Amino acid sequence: MTVFCLAFINYCRLSFFMITEEQFPNAQTSSLQLQRLDNILIVKLYRPEKRNALNDDTVLNIEKIFSNIPDEIKCAVICAEGKHFSAGLDLSELVERDAIQGMYHSRMWHRALDKVQFGTVPVVAVLQGACVGGGLELASACHIRVAELSAFYALPEGQRGIFVGGGASVRLPKLIGMARMADMMFTGRVIAAEEGHMIGISQYLTEEGKGLEKGLEIAAKICGNASITNYALMHVLPRITEAAQDQALIMESLIAAITSDSTEAKQRMKQFLDGKAKKVGE
Ligand code: 1HE
């Protein structure tokens, strides 16, 4: 089995990430770069000359990567090279699709972004510059969004005569509400980083150039959680929030019982009671 390195060392804390071709076929030649820092996988959109427009190759590789996260990875960070996170769908590939191909294309995006949202590890997105169309759909599939002050958001689909097809109509209203999403598409209006933060697109806002540092800091905290808690936040909480109240409450009781029964939870609570664990805020 051929093993190859994908290593892009921006600074010395980053280590080489050894991955197999079976795990990530073609990833080394695609528009994505992979790095690893301890238990964190960093997936970088790497097509800055096209403003990280998401072509089929990139979307399929995102699906492969998030379907094959190695066990030792506990959290992922999606970030982007250059001044823009992503200009969305690669419009040059859109031109000659018929309705049936269009349906399959949209379903391919759904598959890939479902792997991001409902995969094995929480995902933090680090956003700068344009985060538009499919770029915003990708960001919306992540669990936490960190935005630099240059970030801006738009859904130019309305202006291009199309509709969102990568899951935005499902995920974005959960962040900002349906009326705001409809306004973005009706008017093509651009939402700046501060407003995006206020209305719930990002959970963290940083100075320019500080997004990745913040994203990695958050990812390190997530890695420190019990895996079952992260799992419950990714897979159970979204179902609870969509269920009717009586079903939601029973689901909450079940997952509360399962998590607190784990050996790790018992050890963590004992550490606190013995005065050996951090207090809230420390
Ligand atoms: C692209 C794309 C793209 C740039 N597909 N090639 N998305 C959009 O409608 C957004 C379109 N892009 C823009 O509005 C601007 O490019 C940006 C505001 C993001 C950046 O502006 P700027 O001045 O920095 O870059 P640029 O000069 O416009 O673009 C640089 C190159 O990237 C240029 O190619 P070049 O060969 O002439 O150098 C652009 O053509 C190319 N480029 N954006 C293809 N999107 C699952 S459904 C999702 C539906 C959608 O996402 S629709 C929204 C599509």
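The model shown is predicted, which means the values in this text are computed figures rather than measured ones.

Peer 1: Just give me the short version of the side chain of Thr-206, but keep the residues and values in it.
Peer 2: Inspection of the secondary structure puts Thr-206 in strand S11 (residues 204-206). Ignoring sequence-local partners within four residues, the contact set of Thr-206 consists of Val-146, Ala-147, Glu-148, Leu-149, Gly-211 and Lys-214.

Peer 1: Any chance you could break down the confidence of the model for the chain for me, citing the residues and the numbers?
Peer 2: Per-residue pLDDT for the chain averages 90, and the proportion of residues at 70 or more is 90%. Segment residues 1-16: pLDDT under 50, and 41 contacts once partners within four positions in sequence are set aside and those in other chains are kept.

Peer 1: Describe the site of the ligand, with residues and values.
Peer 2: Lys-50, Arg-51, Ala-87, Gly-134 and Arg-160 are the nearest of the 21 residues found near the ligand. The backbone of Ala-87 places a nitrogen or oxygen atom 2.7 Å from a nitrogen atom of the ligand. Interatomic distance of 2.9 Å between a backbone N/O atom of Leu-91 and a nitrogen atom of the ligand. In isolation the ligand exposes 1,000 Å². Once the protein is present, 65% of that is buried. Counting residues per element, the ones that place at least two in the shell around the ligand are helix H3 (134-141) and helix H4 (157-160).

Peer 1: Account for the packing of aromatic side chains, naming residues and giving values.
Peer 2: Using the criterion set out here, one finds 0 aromatic pairs in the structure. Cation over ring: Arg-239 sits above Phe-118, and NZ or CZ is 4.5 Å from the ring centre.

Peer 1: Report on helix H6 (residues 178-187), specifying residues and quantitative values.
Peer 2: Of the residues making up H6, those classed as buried are Met-181, Met-184 and Met-185. Seen from one end, H6 has its buried residues packed into an arc of 90°, which puts them on one side. Facing away from the buried side of H6 by more than 90 degrees, the exposed set consists of Ala-179 and Phe-186. The inward-facing, buried residues of H6 abut H3, strand S9 (152-154), H4, helix H5 (168-176) and strand S10 (191-192). Downstream of H6 by a residue or two, Gly-188 has a phi angle that is positive, lying close to 70°.

Peer 1: Can you explain the pairing of strand S8 (residues 144-148)? Please cite residues and give values.
Peer 2: Burial within S8 is extensive, with 5 of its 5 residues counted as buried. Relative to S8, strand S6 (residues 123-127) runs parallel, the two being bridged by 4 bridges. Bridge pairing in S8 places Val-126 opposite Val-146. Across 3 bridges, the pairing between S8 and S11 is parallel. When the sheet's bridge partners are listed, Glu-148 is paired in S11 with Thr-206.

Peer 1: So, unusual backbone geometry: which residues are in play, and what are the values?
Peer 2: At Asp-38, a residue that is not glycine, the phi angle is positive and equals roughly 50°. The phi dihedral of Asn-52 is positive, around 55°, even though this residue is not glycine. With respect to the helices and strands, Asn-52 occurs in the loop between strand S4 (40-45) and helix H1 (56-67). The exposure class assigned to Asn-52 is buried, which follows from its relative accessible area of 2%.

Peer 1: For the sheet that holds strand S7 (residues 130-132), give the residues involved together with the corresponding values.
Peer 2: Strand order in this open sheet of 3 strands is S7-S9-S10, and the pairing throughout is mixed. One side of each edge strand has no neighbouring strand; the edge strands of this open sheet are S7 and S10. The sheet strands contacting H3 are S7 and S9, and the helix crosses S7 at an angle near 85°.

Reading guide: rules and limits
Residues numbered from 1 in each chain as written. Predicted model: local features only at pLDDT ≥ 70, side-chain atom pairs only at ≥ 80, totals over all residues. Heavy atoms only, no water. Helix = DSSP H or I, 4+ residues; strand = E, 2+ residues; numbered from the N terminus. Contact = heavy atoms within 4.5 Å. pLDDT = per-residue confidence, 0-100. Near = heavy atom within 4 Å. Polar contact = N/O pair within 3.5 Å; in protein donor to acceptor, adjacent residues only side chain to side chain. Areas by Shrake-Rupley, 256 points an atom, 1.4 Å probe, with all protein chains shown as cover. Phe/Tyr/Trp six-rings, centres within 6.5 Å; stacked < 30°, edge-to-face > 60°. Lys NZ or Arg CZ within 6 Å of the ring centre and 35° of its normal. Buried < 20%, exposed > 50% of the residue type's maximum accessible area, 1.4 Å probe, protein only. Arc of directions from axis to C-beta. Pairing = 2+ DSSP bridges. Axes fitted to C-alpha atoms, helices over the stretch in contact; angles between N-to-C directions.

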